[in-house]
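Tertiary structure, described
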Amino acid sequence: MSLTRRTLLATSAAALAAPALAQAPAKVVVIGGGFAGATAARFLQREGVSVTLVEPNAQYISCPFSNAVLAGLRDLSQQTFTYKAIAAQGITIAQQAATQIDAQARRVTLTDGTVLTYDRLVMAPGIDLNFAGLPGYDEAASTLMPHAWKAGPQTTLLRQQLEAMPDGGAVIISAPANPFRCPPGPYERASLIAWYLKTNKPKSKLLILDAKDAFSKQSLFTAAWKEIYGDMIEWIGLSGGGKVTEVKARENIFVTEFGEHKADVGNVIPPQRAGRIATIAGATDQTGWCPIDPVTFEAKLVPNIHVIGDAAVGGGMPKSAFAANAQAKACAYAVSALLRGDNPAEPKLINTCYSLVKPDYAISVAGVYAPAKGLLADVQGAGGVSVANAPASVRAAEAHYADGWFKTITQEVFG
Amino acid sequence: MALLFCLAGPASAAPPDVSKAPAGASACLGCHGASETELPSLNKLSASEIESAMDAFRSGAREATLMNRIAKGFTPDETRALAQWLVTQGRAP
Ligand SMILES: Cc1cc2nc3c(=O)[nH]c(=O)nc-3n(C[C@H](O)[C@H](O)[C@H](O)COP(=O)(O)OP(=O)(O)OC[C@H]3O[C@@H](n4cnc5c(N)ncnc54)[C@H](O)[C@@H]3O)c2cc1C
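All names here are of chain A. With respect to the helices and strands, R395 occurs in helix α11 (residues 392–414). Buried charge without a partner: R395 forms no salt bridge, and the closest opposite charge is E398, 4.9 Å away. Engagement of the side chain of R395 in a polar contact is seen with the side chain of Y361, the distance being 3.4 Å. Setting aside chain neighbours within four positions, we find R395 in contact with L220, D360, Y361, A362, I363, S386, V387, A388, N389 and A390.

The next thing to look at is the state of the cysteines. All names here are of chain A. Counted under the stated rule, the structure contains 0 disulfides over all chains. Counting only cysteine sulfurs, C353 is the nearest neighbor of C182, a cysteine outside any disulfide, at a range of 5.7 Å. Assessed through its relative accessible area of 26%, C182 is described here as partly exposed.

We now examine the interface of chain A and chain B. Residue-level contacts link 39 residues of chain A with 28 residues of chain B. There are 3 salt bridges connecting chain A and chain B. Residue B:E38 is joined to A:K407 by a salt bridge in which the shortest nitrogen-to-oxygen separation is 2.7 Å. Connecting chain A to chain B are 10 residue pairs in polar contact (both at pLDDT 80 or more). Where the side of chain A that touches chain B is concerned, the elements lending two or more residues are α10 (321–340), β22 (349–358), β23 (361–372), β25 (384–385) and α11 of chain A. With 12 residues, α11(A) is the single largest residue contributor to the side of chain A that touches chain B. Tallied by class, residues from the side of chain A that touches chain B come to 17 nonpolar, 12 polar and 10 charged.

So, about the packing of aromatic side chains. Each pair of aromatic rings is reported with the distance of its centres and the angle of its planes. Residue and element names in this part refer to chain A. Under the counting rule described, the total for this entry stands at 16 aromatic pairs over all chains. Geometrically, the ring pair formed by Y83 and F414 is edge-to-face, given 5.9 Å between the ring centres and 75° between the ring planes. With Y83 in the loop between β4 (80–82) and α5 (84–88) and F414 in helix α11, the pair connects residues that are 331 residues apart, well separated along the chain. Owing to a relative accessible area of 7%, Y83 belongs among the buried residues under this scheme. The exposure class assigned to F414 is buried, which follows from its relative accessible area of 5%. Here the aromatic residues F35, Y60, F65, F81, Y83, W405, F406 and F414 are joined through ring pairs into a cluster of three or more.

Residue and element names in this part refer to chain A. In the vicinity of the ligand there are 36 residues, among which E55, Y60, A98, R181 and D310 approach most closely. E55 places a polar side-chain atom, nitrogen or oxygen, 2.6 Å from an oxygen atom of the ligand. Isolated, the ligand exposes 990 Å² of accessible area, and the fraction of that covered by the protein chains is 91%. By residue number, the principal contributor to the shell around the ligand is α10, which donates 3 residues. Partitioning the shell around the ligand into residue classes produces 21 nonpolar, 10 polar and 5 charged.

Definitions and limits used
Residues numbered from 1 in each chain as written. Chains lettered and ligands numbered in written order. Predicted model: local features only at pLDDT ≥ 70, side-chain atom pairs only at ≥ 80, totals over all residues. Heavy atoms only, no water. Helix = DSSP H or I, 4+ residues; strand = E, 2+ residues; numbered from the N terminus. Buried < 20%, exposed > 50% of the residue type's maximum accessible area, 1.4 Å probe, protein only. Lys, Arg positive; Asp, Glu negative; His and termini not counted. Salt bridge = Lys/Arg side-chain N within 4 Å of Asp/Glu carboxyl O. Polar contact = N/O pair within 3.5 Å; in protein donor to acceptor, adjacent residues only side chain to side chain. Contact = heavy atoms within 4.5 Å. Disulfide = S-S within 2.5 Å. Nonpolar A, V, L, I, M, F, W, Y, C, P; charged D, E, K, R; others polar. Phe/Tyr/Trp six-rings, centres within 6.5 Å; stacked < 30°, edge-to-face > 60°. Near = heavy atom within 4 Å. Areas by Shrake-Rupley, 256 points an atom, 1.4 Å probe, with all protein chains shown as cover.

This is the structure we're talking about:
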């Protein structure tokens, strides 16, 4: 069947305009049912493509807004979505993990041995925690010092540790070097944990040990921390000795080049890389991420495999759910055009990330991106962060809009 | 409006050809969906209302927390194209 299609594509692209597509639907396999993969599956299916979505979990637990769960402001159930609506739309769901990819034969093998063939593959496995990048930290260590960088039991564990901590305790968060999932995420997390501490355990302190000298929305966060939390939050950057080089999980200790920091609650946000299946497919480079073509999202290292979301790199777009969703739609259009034998149009993408600093106070960063010199580059003159020194009403409005964003995007992806 | 109606006619007969979506248009739907939330749905707006709102955000004539930063990334021509797509094929499902 896929051979027939390939022959057709080769002989006559024109004969494969929309009506022909309806007769012999092209097959796309999507790996990963997160913000990127689930969106791509839905938009490709609406294009008349036959889509199989490969995702091992029956439920998706959203990282966006999970920092509010840590602060006791939300319940994890409000973060949890199913694949029912996606299945009802006519997408086949294989509740398995992809274990092997043969790019030459265009075949994906699943955990149970099932083999799926495809005309094109969309890969959206998100991140893997790069345990090799931080001595002392691994799966077992994360049950003592949680990362909570994949929402679910890790989120619950960190919440429980915060609840159990006595007033006057020290919370330490370590943040990795770029690039990593959700650049403003560690600082939103620090803010909301500080909110919990201020309202429940006001004698406590929060220290951020950072492997960078600068971070997303830094001046806005710093100003807000001072205004709202006084000197509760301390941040140590790379040049101040903030880079964590090792953790001793049984003792809750963060080791830096300058010494050791003992925590009552230690949250390790380790270095990251693309989900392992991307490496198995041969799509990752030495950085551990997948370079992509900025128009089609096709992996630069493997043909017919398109990579979207956190696993992809190539330009200024941050690893966010907003970006994953926007990339997925542009990728779906490009894949559908390629399957018809058309030239994909150049996309323009948007990113918007809100960070909550406290319940009615949010700040945002936005960007517009377009292909330039093989990358998805920032469109000059657009984007940027919320204005400094804005009145409380502006921060409250952004918190309100953040709620709206979460409702809209989760409706589009899972609703 | 009449012209828009004509444009919408043939498009809605065939399956929605989202692959012809003008640059950037589909990303709007990440915040502005079918239902009204804390953010407005674009489904109830006309193409000219979307276009003039974007123009006003771009020029700064209309104040915004964030849309001014987004609108500056789109030329008037791109804005017109995406507004027309959003009221026809691009209606949030
Ligand atoms: C604390 C925190 C807060 C955040 N807040 C925001 C926010 O406010 N706004 C925002 O825009 N972003 C936010 N993010 C970032 C956002 O969560 C990610 O950018 C987003 O989830 C990326 O989507 P994705 O689809 O690429 O990956 P994921 O959402 O991780 O989805 C990947 C999916 O692939 C599946 N998978 C992996 N391997 C395989 C395999 N071999 N076979 C089959 N399936 C596989 C996984 O099970 C998973 O379901 C936040 C992140 C964190 C950690």
